[in-house]
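Each chain, letter by letter, is given below.
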Amino acid sequence: MSDYIVLVKQVPDVTQITDNAFDIETGTLVRSRLASVINELDSQALAFANEMRRSSSGKDDKVIALTMGPPMAEEVLRYSLSRCADIVVLLTDRSLAGADTVATANPLAFAVRKIVKDILKGSSDYYVVSGMQSVDGDTAQVPPQIAEELGLPCIAYVTGAEFKKERFEFTRIISGGSQVVAAKELPAVITVAKYEYPLFATFAASRQANRTEIIRWGSDDIKASHTGVTGSKTSVIRVFPPGKSTRKCQQVGDAKSLAKLLVDSFKSGEAQAAEGAETKTKRYTLPGKRADRFDRSFEGTKKENDSYKFLAGRLKELNITEVGQIDESCKEKILAVSKDYFRKKALEDMINGLQLTGPSYTGEVWVMAEHSDGEMHPATFELIGKARELADSLETKVGVAIAGYEIEPIAKELIAAGADNIYIIEDKLLSVFDPTAHRKAIADAISRYWPQIVLYAATPQGRMLAPMVSYRVGCGLTADCTGLNIKDSSRNGQIGILLQTRPALGGNVMATIRTKNSKSQMATARPGVMKRLPADESRKGKVIRHKVELSKDDISLEILKTELGTGEVNFEADVIVSGGKGMQNRDNYERLVNLLCSGLSKRLDTEVERGASRAAVEQGFIERVHQVGQTGTSIGPKIYIALGISGAIQHMIGVANTETIVAINSDPNAPIFKQCDYYVVGSVEDNIPQLVQALQES
Ligand SMILES: Cc1cc2nc3c(=O)[nH]c(=O)nc-3n(C[C@H](O)[C@H](O)[C@H](O)COP(=O)(O)OP(=O)(O)OC[C@H]3O[C@@H](n4cnc5c(N)ncnc54)[C@H](O)[C@@H]3O)c2cc1C
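Residues numbered from 1 in each chain as written. Predicted model: local features only at pLDDT ≥ 70, side-chain atom pairs only at ≥ 80, totals over all residues. Heavy atoms only, no water.

**Some thoughts on the sheet that holds strand β5 (residues 87-91)**
1) Next: What the 10 strands build is an open sheet, ordered β11-β5-β4-β1-β6-β10-β7-β8-β9-β26; its pairing is mixed. Of all the strands in the sheet, the pair left with one neighbour each is β11 (215-217) and β26 (557-564). Direction aside, the axes of adjacent strands within the sheet are offset by 30° on average.
2) Next: Sheet topology note: the strand β1 (residues 3-7)/strand β6 (residues 126-131) ladder contains 5 bridges and is parallel. Its bridge partner lying in β6, Asp3 is registered against Tyr126. (Pairing = 2+ DSSP bridges. Helix = DSSP H or I, 4+ residues; strand = E, 2+ residues; numbered from the N terminus. Axes fitted to C-alpha atoms, helices over the stretch in contact; angles between N-to-C directions.)

Structural data, given as structure tokens:
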């Protein structure tokens, strides 16, 4: 049957961070101080591929593990051999270092081509399998970009595979539910979101793993087209510690105190700043529009801002009002006092920068609309709000590109939300989301109009589509941004560029990134962070139809089943009580969640709705429509109570706008305790009846 090329990566072990892993001066995490391990999701991908091989009875099928990294990355290949890999390949070369996702995906795709040619003898009957993302990058961009380079279908966020009628059917996570799909043709790329059946190494397998030869390839062996720093399309300009949580993170010892806090929080309605929300900054204006000719207060880094401020002060002292008046003697006078700020070369660059007043990129600011059956994903409106702000600063228009079938009626709503131009790409073949067909349609529109910025929602769909589109049109992409700001890097000749800020290394550091060597700057943005504007029905906009030639061959996936949440739920309620997998079973969920809901409803005299984590929904504790989070509903109640919920990022994204978050969890190290206001360490079975009693008595 099929062979499996599994991508494995060595990453820092972010689960074992100690204080000495941080640089005292900068407060940022030093990667080299952390142990190296296999990326957990890649080890799940290995087990997943092994199970695919077993379930299709493909005893002779090969599992080939491929990694790219420094020579020490061979450790993850030994790990793979000791679990299930038959052959392992290490792609290692100094020239591959410092790569972003484009310059990682590209050489890996070329290595896959070489594996297929040299080891699989040109067979097309194989799967490329990988974890959905790595903990150090957290981008989820590399596998779809490998698929794009190789021209293969990509099935992302897979949680299960069933071998039926001589092919695999995959269950995958989608917004609002799950879906069963099959690749129309092989080869295909699969990314694994969750597979909780780990493989263990036996003593004999470990010994064998140490004896097996590792195939080592360098850049010359694969001849990739984009590698290392030079082949990258983004660069990190700043790494800094994440801001302190705006949550109180206060442990509460007894039910009586918790009941009092709940009542007080509800009454005071104290507004919490949303976790991870963008900090308000002064609105950017282009240099040509600033009152002071030498005002460069929108530079990307503090150092650049300070240097320009210092320069502006000296120019003022010298009575210089135009850049043209800065002659050699003037420069010498400035250099005589500027040692702490800049030297000669930097001064020349800064003066050149002062001559630039218009933006480095041209074109509109675009949002990629995400919708299902004519209903827009709320994140699209949030992105339009952000795009409006960016476009106003850059003095350009907001465009929204939307691909689908019979979608024109949506245009009005998008214009009311802040868009100027709606680019409609309509085709029957686009009626359901197929990554290959949609990326062709969107990439075609981008290449026709070249917007200067393109924003996608960091939903499962957006995080699959954006990497494919950006790779296809040759642009950089930054994943899961929580901050998007227009800034200058005048010294480097860049005006009005998009700085993209995002959490990395499991949220332990923040990184600010800029695009390079690209005609357009692209980012996916975390839902729930950017702010939607109030709808303005009087706004006027234009609908522009964009035609793309599509055929049935552009459809890569067969969609076999889609399960979406249905039914009524009132997530506008002031209080939401959610149960997670820690509720153990449906009976417990119903008994305890209902008990707390009615206790709170009586005491606070308000409506209380039930919510759930994705894991609780998957366990069948409650219907999917109650799911809160990235692929459920994002909510913003006065009080959110999480019962037996660990605090996974995909869950917490959905409650970021809540005023007060309360958690009850039996694990004293539950991650949710660092993301909530009040918490109780203890079981839900003990604590909920006590809390309800205390509410009655309060
Ligand atoms: C692409 C993608 C999208 C996703 N979208 C979402 C989403 O929208 N929403 C979502 O919720 N998840 C989502 N997930 C899943 C998410 O990553 C987590 O797996 C999920 O949130 C975990 O749910 P949980 O906290 O209920 O379960 P677990 O992580 O298993 O946590 C259960 C918790 O219960 C505690 N516990 C156990 N017993 C008790 C007890 N008796 N009393 C008290 N506490 C107890 C445990 O200590 C543990 O902390 C998504 C994942 C992916 C990959």
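**Quick word on the packing of aromatic side chains**
1) Next: The final tally for this structure, using the stated rule, is 15 aromatic pairs.
2) Next: Taken together, the ring pairs in this structure connect Tyr4, Tyr127, Phe163, Phe168 and Phe170 into an aromatic cluster.
3) Next: A cation over a ring is seen here: Arg532 above Phe381, with NZ or CZ 4.0 Å from the ring centre. (Phe/Tyr/Trp six-rings, centres within 6.5 Å; stacked < 30°, edge-to-face > 60°. Lys NZ or Arg CZ within 6 Å of the ring centre and 35° of its normal.)

**Describing the site of the ligand**
1) Next: Of all residues adjacent to the ligand, which total 30 residues, the nearest are Lys581, Ser613, Thr631, Ser646 and Asn665.
2) Next: One of the side-chain nitrogen or oxygen atoms of Ser613 is found 2.6 Å away from an oxygen atom of the ligand.
3) Next: Ser666 is positioned such that a nitrogen or oxygen atom in its backbone is 3.2 Å from a nitrogen atom of the ligand.
4) Next: Coverage of the ligand by the protein amounts to 82% of the 980 Å² it exposes when considered alone.
5) Next: Elements represented by at least two residues in the shell around the ligand include exactly α17 (614-618), α18 (649-652) and α19 (684-697).
6) Next: For the shell around the ligand, the class distribution of residues is 9 nonpolar, 17 polar and 4 charged. (Near = heavy atom within 4 Å. Polar contact = N/O pair within 3.5 Å; in protein donor to acceptor, adjacent residues only side chain to side chain. Areas by Shrake-Rupley, 256 points an atom, 1.4 Å probe, with all protein chains shown as cover. Nonpolar A, V, L, I, M, F, W, Y, C, P; charged D, E, K, R; others polar.)

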